[in-house]
Amino acid sequence: MPAAYKRILLKLSGEALMGDDAYGINQGIVSRIVSDVAEVQRLGVEIGIVIGGGNIFRGMAGAASGMDRATADYMGMMATIMNAMALGDAMRVAGVAARVQSALNIEQVVEPYIRGKSIRYLEEGRIVIFAAGTGNPFFTTDTAAALRGTEIGAEIVLKATKVDGIYTADPKKDPNATRYAKISFDEAIARNLQVMDATAFALCRDQKLPINVFSLFKPGALRRVVMGEDEGTMVHI
Ligand code: UDP
């Protein structure tokens, strides 16, 4: 059976790379993510990845301790570049063709983000890892995922989280909480469900770009989402 999508944008939070560690990049977890992504690539799906930086630095945290917010955000963006490099290198080790592109110019280290080039890489079957978020302070990598997803013409944004979807209540606190298999953008707003941050959510909604929230820690979940099976929560128009 063919995959449900030809091109996807996968959003990985920086925290996803930490595993059970308190900080930084856990190589075991990174290798596991690479093998999950490679499995989906073998289905013929073109994959763009936006990676966060929360395992290293978040602008909000810097601002809370008195830093200038924009400066702190640039540090956060640089954290995402480190994560992108770690992920890109783990792909190289696994023999998976991937390129890293950065929204902040740091050309000695990674190539700059050039939309046309990233689309060509995708067409050639390479995974493109988008680093440095949108390149602008006061945004998040969720918004970068919505933006890059739109720019590359992805059919869906897959938001990898620790929970396998959006629930009616916090499943850790409420045993009666149930998972939404799908929910519309309007209903998610009406129920005040936190799918992505407000800017990212609004962009996806305006661009009619569906979002699937799924668990990165559930074996086979990414593949199931890509195959169009009932996995995670689909946020649709
Ligand atoms: N960031 C930014 N602009 C962007 C994307 C990210 O300024 O377009 C900064 C911001 O400080 C953010 C940090 O980079 O806190 C790390 O990104 P994010 O918090 O989205 O990472 P995640 O939560 O996904 O690990």
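In case you missed it, the structure is sitting above this.
So, here is what we can say about the structure in this document.

1. As for the overall build of the chain
Consideration 1: For the chain, the helix and strand inventory stands at 8 helices and 9 strands.
Consideration 2: The C-alpha atoms of the chain give 17 Å as radius of gyration, which agrees with the globular expectation for 237 residues (18 Å, within 12%).
Consideration 3: Each principal axis of the C-alpha distribution contributes one length, and for the chain these read about 50 × 50 × 35 Å.
Consideration 4: Looking at the chain as a whole, 50% of its 237 residues qualify as buried.
Consideration 5: Long-range contacts, defined as pairs at least 24 residues apart, comprise 72% of the intrachain contacts of the chain with a sequence gap of at least 6.
Consideration 6: Summed over all atoms, the accessible surface of the chain reaches about 11,000 Å², with 53% contributed by carbon and sulfur.

2. Regarding the nonpolar core
Consideration 1: Grouped together as the largest cluster of nonpolar side chains are 40 residues, with contacts concentrated most on Ile49 and Leu87.
Consideration 2: For this core, the leading source of residues is helix α1 (residues 27-41), giving 7 residues.
Consideration 3: Ranked by size, the runner-up nonpolar core spans 29 residues in total, among them Tyr121, Val157, Ile166 and Cys204.

3. Structural notes on the site of the ligand
Consideration 1: The immediate surroundings of the ligand are formed by 20 residues, with Gly14, Arg58, Asp73, Thr134 and Thr141 found nearest.
Consideration 2: Between the ligand and Gly53 there is a distance of 3.0 Å, counted from an oxygen atom to a backbone nitrogen or oxygen.
Consideration 3: Asp73 has a polar side-chain atom sitting 2.5 Å from an oxygen atom of the ligand.
Consideration 4: Its free accessible area being 520 Å², the ligand has 94% of it covered by the protein chains.
Consideration 5: In this structure the site holding the ligand corresponds to the largest pocket.

4. Notes on helix α3 (residues 69-93)
Consideration 1: Its 25 residues place the ends of α3 36 Å apart at the C-alpha level, agreeing with the 36 Å of an ideal helix rising 1.5 Å per residue.
Consideration 2: Following α3 by one or two positions, Gly95 has its phi on the positive side, about 75°.

5. Focus: the pattern of salt bridges
Consideration 1: Per the counting criterion, the structure on display carries 22 salt bridges.
Consideration 2: We note a salt bridge from Asp142 to Lys159, for which the minimum N-O separation is 3.2 Å. Placement of the pair is Asp142 in helix α5 (residues 141-151) and Lys159 in strand β6 (residues 156-161), with a sequence separation of 17 residues.
Consideration 3: In this structure Asp142 comes out as buried when scored by relative accessible area, which is 8%.

Cut-off values and rules
- Residues numbered from 1 in each chain as written.
- Predicted model: local features only at pLDDT ≥ 70, side-chain atom pairs only at ≥ 80, totals over all residues.
- Heavy atoms only, no water.
- Helix = DSSP H or I, 4+ residues; strand = E, 2+ residues; numbered from the N terminus.
- Rg over C-alpha atoms; globule rule 2.2 N^0.38 Å.
- Buried < 20%, exposed > 50% of the residue type's maximum accessible area, 1.4 Å probe, protein only.
- Contact = heavy atoms within 4.5 Å.
- Areas by Shrake-Rupley, 256 points an atom, 1.4 Å probe, with all protein chains shown as cover.
- Core = buried A, V, L, I, M, F, W, Y, C linked by side-chain atoms within 4.5 Å.
- Near = heavy atom within 4 Å.
- Polar contact = N/O pair within 3.5 Å; in protein donor to acceptor, adjacent residues only side chain to side chain.
- 1 Å grid on protein atoms, 1.4 Å probe; cavity = no way out; pocket = protein on both sides within 12 Å on 5 of 7 lines; lining within 4 Å.
- Sits in = over half its atoms within 2 Å of the grid points.
- Expected span 1.5 Å × (residues − 1).
- Salt bridge = Lys/Arg side-chain N within 4 Å of Asp/Glu carboxyl O.

Nothing here speaks to function; it is all geometry.
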